[in-house]
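Each chain, letter by letter, is given below.
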Amino acid sequence: MKANGFIKHAPVVATLLLTGAVFAGSPTKLNIGEYLDKADDGKIYPSAAQIEMLRPFMPEKAYRPAPPISNRAFWKRIAGKESAQKIFEEAVAGLDKKPEIPISDEIYRRANKEGNRGIYKPRYYRTMEVLEKAVIAECIENKGRFIPQIEEHINAIMAMKSWLHPNHDPGNAVLEGKRVAIDLGARKFGSVIMLSDVLLEDKLPAELRKAMRDQIQWRMIDSYLKSCRGEDKKGNSWIWGTSNWNAVCTGGTLFSALSASDDPEERLAVLGSAINAMKNYLTGFGADGYCSEGIGYWNYGFGNYLYLAQTVYDYTDGKIDLFTFTDPEKMKRVGNFPANFQIQNDVYPCFADGGARIKEGSDNYAYILSAKNYGARKPSFSRPADITMQLQEWADPVSYVDPAAVPVELPAHTYFDDFGIVISRGGQKVPFSIAIKAGHNNENHNHMDVGSYVMVLEDDHIMCGDIGAPPYKAGAFSPKHPARSSWGHPVPRIDGKLQSEGKQFKGEILEAEFSEIRDRVVVDIQGGYKVPTLGKLIRSMENDKSGKGTITIVDEFAATRSIDFGTAVMTHGDYKVVDGNTILLMRDGRKIKVKISADGGSFRIKDEKVPVKDIRYADEAFRIGIDFTKKLTAGSITMVFTPEG
């Protein structure tokens, strides 16, 4: 059923019967805007007024994601699902698997120092996946066959000194017992512990269940509420953030707390804090629905936000609706972000650390719930990221998957006017398209990339432009990192200076004109640089869609004194500097000729390899610099990109 243009949730009956919620005489629905207005300044923890607003909506009992193993009718029904059968088969195949944690202190410290995820992260997540699948398999089979493995894995998790990813533990403080904190890893460990407890109940020994809940209280609930009250300024600072961390960590913490805590007031405090924290998370999206973290982090972060929203909706019988939050139209735009962000054929701008492609068969819970709540395109398959998400999908009798889904016909252009992002799509037989950004230099997963672009030829050939994310190793998030600084982006270098970091260093789209055969965008990118002598820096882009297509980029500057000026073409593919004003870009049999000209002086072309190994989407990347040979007070460089062949 629809309300205000949105697909409204049907209550998850099995879950609600278990909550024991009684709402007689209570208000119909929480007014989230009014609730947020009653917050204490500078606090995530709910104010006294907020607590009183929430109280009528809080069930008396703790949350359950699904009926326990003793409800054989439910689990027999689930056993008939193809997705459940696959989990069962994988659990049977993995019955001999042992926990791969705890890791040694030596590996933890090394991973922290090097930023080396490979030596611990696979062990963490394989261990959790074995446990999750074994729990579901036991619920399906109910013969006790998986219990020894489940207990062994639970004990191994509880034996860990730290549930954090090592590189999220400054100074190894959590490892050394100096403090407790929650991160992307810890929230997942907490979730699998509580999933085991609430589904298996007395199939696990009473003393083990008590130890599990004690650990959740210590590592999750107490830590979270302490941070929300402002008593721990260093721990869990993500509660103030606008990145995926806030949604992911809050969602996992909320599930653990609502499931583990026997104290209704404590559950109320956690839920109230979560709503306040989600105000921060959602401000990270533009009013136009733009996600500066890119398509991969939209799927991860917003997927976990929707999981949190579904959990709260189910727990309160729909009376707290975070799907609409305070701005239903903005939420709808966020939910439809992927459809609008494509350049062409499921290729996306790899701005900052955003992915250029979605891996085939990857987790897609954000797509499922966006189809359900915001009328977004249904995905062609279902693969929730976590078992707790899978339980939510099993509880919903309506399918939001369309195996016969066909590609959406994209519009000729998309303009995210809040963040200043334009996608100009070619309509040729072999389409030639570009995405270009203004933005600012304090976006989530920020790169110094005001004015950056991504150019795509044919279906999915990224020919040049932004090279995307470096590997997440020590130093990867430094603004001086070669692939993160503006040196590693297709933007100018001014008098030897690169772009500066901070929200105040930003671009502005001055003009945006769109027609059937030509799109033109003019971006003021001067604001990205801290160069006092720079009086003007304009980047213009024109996409002429006639014939095979031609994309022209012009960088024009003026200064109060003579300065050095240069720009660059960036590429992952093969290339050839043909002569003093021509570059040939080549990738997978496709070619683009780049013709370069300049006003104000002569220029030279200098190509060099980006000194970064294992850039996320290619083995290597190259910077083809185009620099004036002498200092100038004004000038421009024009680059004309034309497909060949």
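The rules behind these values
- Along each chain, the written sequence defines residue order, and numbers are assigned to residues from 1.
- Where totals are concerned, whole chains, interfaces and linings use all residues; where local detail is concerned, this predicted model gives features only for residues with pLDDT of at least 70, and gives and counts side-chain atom pairs only at 80 or more.
- Side-chain numbers come from the whole structure's heavy atoms, not from hydrogens or water.
- Cavity: a set of points on a 1 Å grid over the protein atoms alone where a 1.4 Å probe fits but cannot get out. Pocket: an open set with protein on both sides within 12 Å along at least five of seven lines, its lining residues, like those of a cavity, having an atom within 4 Å of a point.
- Grid points are joined across faces, edges and corners, and a volume is the space filled by probe spheres set on the points.
- Numbering goes from the N terminus for both helices and strands, where a helix is a DSSP run of H or I of at least four residues and a strand is a run of E of at least two.
- Gly counts as polar in this scheme, as do all residues outside two lists: the nonpolar Ala, Val, Leu, Ile, Met, Phe, Trp, Tyr, Cys and Pro, and the charged Asp, Glu, Lys and Arg.
- Throughout, a residue-residue contact means that at least one pair of heavy atoms, one from each residue, lies within 4.5 Å.
- A 3.5 Å cut-off defines polar contacts: any pair of N or O atoms within that distance qualifies, except that in protein one atom must be a possible hydrogen donor and the other a possible acceptor, and neighbouring residues in sequence count only when both atoms are side-chain atoms.
- The rule is short: rings of Phe, Tyr and Trp, with Trp giving its six-membered ring, pair when the centres are within 6.5 Å, and they are stacked under 30 degrees, edge-to-face over 60, tilted in between.
- Note on exposure labels: buried denotes an accessible area under 20% of the residue type's maximum, exposed denotes more than 50%, and partly exposed covers the range between, all computed with a 1.4 Å probe on protein chains only.
- By the convention used here, strands pair only if DSSP detects at least 2 bridges between them.
- For helices, the fitted line uses only the C-alpha atoms of the stretch in contact; every axis is such a line through C-alpha atoms, and the angle between N-to-C directions lies from 0 to 180 degrees.
- One speaks of a salt bridge when a side-chain nitrogen belonging to Lys or Arg is within 4 Å of a carboxyl oxygen belonging to Asp or Glu.
- By nonpolar core is meant a set of buried Ala, Val, Leu, Ile, Met, Phe, Trp, Tyr and Cys residues that side-chain atoms within 4.5 Å join together.
- The pLDDT value tells you how sure the predictor is about a given residue, anywhere from 0 up to 100.
- By definition, turning the near helix anticlockwise from the far helix through less than a right angle yields a left-handed crossing, and turning it clockwise yields a right-handed one.

1. Concerning the layout of surface pockets
Turning to step 1, where the next piece is worked out: Considering only enclosed or pocket space, the second largest pocket measures out at about 1,000 Å³ in volume.
Turning to step 2, where the next piece is worked out: Surrounding the second largest pocket, 45 residues form its lining, Q342, N345, D346, Y348 and R377 being those nearest its centre.
Turning to step 3, where the next piece is worked out: Looking at the lining of the second largest pocket, the elements with two or more residues in it are helix 15 (337-341) and helix 16 (365-374).
Turning to step 4, where the next piece is worked out: A per-class count over the lining of the second largest pocket returns 18 nonpolar, 14 polar and 13 charged.

2. Points about the environment of T388
Turning to step 1, where the next piece is worked out: In this structure, T388 sits in helix 17 (residues 387-395).
Turning to step 2, where the next piece is worked out: Through-space distance from the C-alpha of T388 to that of V192 is 8.5 Å; in sequence the pair is 196 residues apart.
Turning to step 3, where the next piece is worked out: Those residues in contact with T388 that sit more than four places away from it in its chain are L195, F255 and Y307.
Turning to step 4, where the next piece is worked out: A polar atom in the side chain of T388 sits 3.5 Å from the side chain of Y307.

3. Observations concerning unusual backbone geometry
Turning to step 1, where the next piece is worked out: With an omega dihedral of 0 degrees, the bond running from I101 to P102 counts as a cis peptide bond.
Turning to step 2, where the next piece is worked out: With respect to the helices and strands, the residue P102 is situated in the loop between helix 5 (82-93) and helix 6 (105-114).
Turning to step 3, where the next piece is worked out: Residue D317 is not a glycine yet carries a positive backbone phi of 60 degrees.
Turning to step 4, where the next piece is worked out: In this structure, D317 sits in the loop between helix 13 (294-315) and helix 14 (328-335).

4. Observations concerning the packing of aromatic side chains
Turning to step 1, where the next piece is worked out: Evaluation of the coordinates by the stated rule reveals 31 aromatic pairs.
Turning to step 2, where the next piece is worked out: Between F74 and W75, the aromatic rings sit 5.2 Å apart at their centres with planes inclined by 90 degrees, giving edge-to-face as the arrangement. Assigned by exposure class, F74 and W75 land together as buried.
Turning to step 3, where the next piece is worked out: Taking the centre distance of 5.1 Å and the plane angle of 65 degrees together, the rings of Y120 and Y124 count as edge-to-face.

5. A few points about the sheet that holds strand 4 (residues 421-424)
Turning to step 1, where the next piece is worked out: Ordered by their spatial adjacency, five strands build an open sheet running 3-4-5-7-8, and the pairing between neighbours is antiparallel. Every other strand in the sheet has two partners, leaving strand 3 (413-416) and strand 8 (461-465) as the edge strands with one partner each. When strand polarity is set aside, the average angle formed by the axes of neighbouring strands in this sheet is 10 degrees.
Turning to step 2, where the next piece is worked out: Pairing analysis gives four bridges linking strand 3 to strand 4, with the strands arranged antiparallel. Opposite Y415, over in strand 4, you have V422 as the bridge partner.

6. Some remarks on the pattern of salt bridges
Turning to step 1, where the next piece is worked out: Summed over the entire model, instances satisfying the criterion amount to 35 salt bridges.
Turning to step 2, where the next piece is worked out: The salt bridge involving E100 is made with R126; its shortest N-O contact spans 2.8 Å. Here the residue E100 occupies a position in the loop between helix 5 and helix 6, and R126 occupies one in helix 7 (residues 121-141), the gap between them amounting to 26 residues.
Turning to step 3, where the next piece is worked out: With a relative accessible area of 29%, E100 lands in the partly exposed category.
Turning to step 4, where the next piece is worked out: Since its relative accessible area comes to 41%, R126 is described here as partly exposed.
Turning to step 5, where the next piece is worked out: The closest approach of N and O atoms between E458 and R590, which form a salt bridge, is 2.7 Å.

7. Details of the nonpolar core
Turning to step 1, where the next piece is worked out: Core analysis: the largest hydrophobic core is formed by 138 residues, its most contacted members being I275 and Y305.
Turning to step 2, where the next piece is worked out: Judged by nonpolar contacts, the second largest core, of 45 residues, contains I551, F565, F622 and I637.

8. Quick look at the sheet that holds strand 17 (residues 582-587)
Turning to step 1, where the next piece is worked out: If you trace the eight strands from one edge of the open sheet to the other, you get 11-12-13-14-21-18-17-16, paired in antiparallel fashion. Since the sheet does not close on itself, it has two edges, and those belong to strand 11 (508-514) and strand 16 (574-579), each with one partner. The sheet shows a mean angle of 15 degrees between the axes of neighbouring strands, direction not considered.
Turning to step 2, where the next piece is worked out: With nine bridges joining them, strand 18 (residues 590-599) and strand 21 (residues 632-644) adopt antiparallel strand pairing. Residue pairing in the sheet places I596 in a bridge with M639 of strand 21.

9. Here we look at the confidence of the model for the chain
Turning to step 1, where the next piece is worked out: Mean pLDDT over the chain: 93, with 96% of residues reaching 70 or higher.
Turning to step 2, where the next piece is worked out: Of the regions scoring below 50 in pLDDT, residues 1-25 engages in 55 contacts with residues more than four places distant in sequence or in other chains.

10. What to know about the packing of helix 8 (residues 147-158) against helix 9 (residues 184-200)
Two measures define how a pair of helices packs: the angle their axes make with one another and the distance between the axes.
Turning to step 1, where the next piece is worked out: Where helix 8 meets helix 9, the closest approach of the two axes is 11 Å, and the angle between their N-to-C directions is 145 degrees. The two elements helix 8 and helix 9 cross, and the hand of that crossing is left-handed. Between helix 8, through I147, I150, I154, I157 and M158, and helix 9, the contact on the second element is made entirely by F189, V192, I193, S196 and L200.
Turning to step 2, where the next piece is worked out: Split into classes, the residues belonging to the contact of helix 8 with helix 9 amount to nine nonpolar, one polar and no charged.

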